[in-house]
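Observations on chain architecture
Here is how the chains run, residue by residue.
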Amino acid sequence: MTKAVAAEELQAGTGRSAFYAKIDTGNCAPLWEVLSDLVRPTPKTPCLPYIWHWNDVWPWIEESGTLISAAEAERRVIVLENPGLRGRSAVTHSLYAGLQLILPGEIAPAHRHTQSALRFILHGAGAYTSVGGERITMQVGDFVITPSWQFHDHGNPSDEPMVWLDGLDIPIVELFDAQFMERTDEQSQLTTHSESHHLAQFGNTMKPVGFEPRSGTSPLCWYPYERTRAALETLKSGEDPHPCWGHKLQYLNPVTGKSAMPTIGTFMQLLPAGFQGKPYRATDSTVYAVVEGSGTCTVNGEALAFGPRDVFVCPSWMPYTLDASKDAILFSFSDRPVQQALDLWRESL
Ligand code: 1HN
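The following paragraphs examine the structure supplied in this document. Computed from a predicted model, the values in this text were never measured in an experiment.

1. A short note on the site of the ligand
In the region of the ligand, the neighbouring residues are Arg 75, Tyr 96, Gln 100, His 111, His 113, Arg 119, His 152, His 154, Asp 166, Leu 168 and Ile 170. Within the side chain of Arg 75, a nitrogen or oxygen atom sits 2.7 Å from an oxygen atom of the ligand. In the environment of the ligand, an oxygen atom lies 2.6 Å from a nitrogen or oxygen atom belonging to the side chain of His 111. Those elements that place two or more of their residues in the shell around the ligand are strand S3 (96-102), strand S4 (107-113), strand S9 (152-155) and strand S10 (162-168). Broken down by class, the residue content of the shell around the ligand amounts to three nonpolar, five polar and three charged.

2. Describing the pattern of salt bridges
Two side chains that carry opposite charge are able to pair once their charged atoms sit near each other. On inspection of all chains with the given rule, the structure shows eleven salt bridges. Residue Arg 229 is joined to Glu 233 by a salt bridge in which the shortest nitrogen-to-oxygen separation is 2.5 Å. Taken together, the residues span about one helical turn, with Arg 229 and Glu 233 both in helix H8 (residues 225-238) at a distance of four residues. For the salt bridge of Arg 229 with Glu 292, the shortest nitrogen-to-oxygen distance reads 2.8 Å. Taken together, the residues Arg 229 in helix H8 and Glu 292 in strand S16 (residues 286-299) connect sequence positions 63 residues apart. Linked through salt bridges whose partners overlap, the residues forming this network are Arg 229, Glu 233, Lys 236, Glu 292 and Asp 327.

3. What to know about the sheet that holds strand S6 (residues 128-131)
Backbone hydrogen bonds hold the strands of a sheet together, and the pairing may be parallel or antiparallel. Pairing is antiparallel across the open sheet formed by five strands, whose spatial order is S7-S6-S9-S4-S11. In the strand order of this sheet, the two ends are held by strand S7 (134-137) and strand S11 (181-183), each with one partner. The mean inter-strand angle of the sheet, taken between neighbouring strand axes irrespective of direction, is 25°.

Each value, and the rule that gives it
Residues numbered from 1 in each chain as written. Predicted model: local features only at pLDDT ≥ 70, side-chain atom pairs only at ≥ 80, totals over all residues. Heavy atoms only, no water. Near = heavy atom within 4 Å. Polar contact = N/O pair within 3.5 Å; in protein donor to acceptor, adjacent residues only side chain to side chain. Helix = DSSP H or I, 4+ residues; strand = E, 2+ residues; numbered from the N terminus. Nonpolar A, V, L, I, M, F, W, Y, C, P; charged D, E, K, R; others polar. Salt bridge = Lys/Arg side-chain N within 4 Å of Asp/Glu carboxyl O. Pairing = 2+ DSSP bridges. Axes fitted to C-alpha atoms, helices over the stretch in contact; angles between N-to-C directions.

Quick look at the structure:
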């Protein structure tokens, strides 16, 4: 090729597609065609704002109970798929969420996996999860942790159906290709402690002398709603609400002072009746579950009216406001601790 022809081709961009086709055969590709999509001025998430209303999903959850048992399903869960991430079992780009039903008398057999799980109880009372030798009987509003690689099984000895929100770090673990899973012949684990044992050990800003943590996950796997609710009520009567998020607490690992779970940040907040929050955004796409009260979350101008047991998503970096018509209590979770550990997390208010 002469210099003149080469310059002409450069000018016109001809010859590029033949070049792309050639290097494609060797699994190579030109960066300049994709650079502006790869490195963007601000986050561009496939995650969309969305709300699952309890009244819509509850009949489907109930119907799933007539179609398959918890034992056959292993876990009988309706996955909450973000409309921007359909088919990927993801509620945000980095997290999974689902609504798990366990009927009276049922058992969900023991297994363990490297994915960490949280349970946030939405409906019913008296089912349990066994984790780390402790059987935790759960009530609405309780936050329960299943740490990575700990055997866990669930059962419902009560006489009413129980539903909880599962949150798992499945897409994060998948990103790192670090997943392992095991089943065991033992359907239900032996229980060595009463459910309040860990609360007595770690739930009073104290720890047993000589205790050394073996993982980053909180040794306190059960955060009863009663305590969280009482704390928020006390804050409400003693301080002004934050202009964006009202009265908001983060669940912590009491031994390290860090997030209760290493990969998932978990929070509970109270928005007093009449609260009209100022706009807020952060890089952690957040899943909210409503415990009590009602209000509106407006994300990127889209109003999501929420009530008890609804679940909604605020995607990364989209500005949103929270308003409450009556005192509202919201649980939320996101990948914030991962972003913070990697120096990526940002917020603006
Ligand atoms: C799991 O183990 C549970 O233990 C719930 O309750 C949901 C979703 C995907 C993979 C494992 C549970 C799950 C899960």
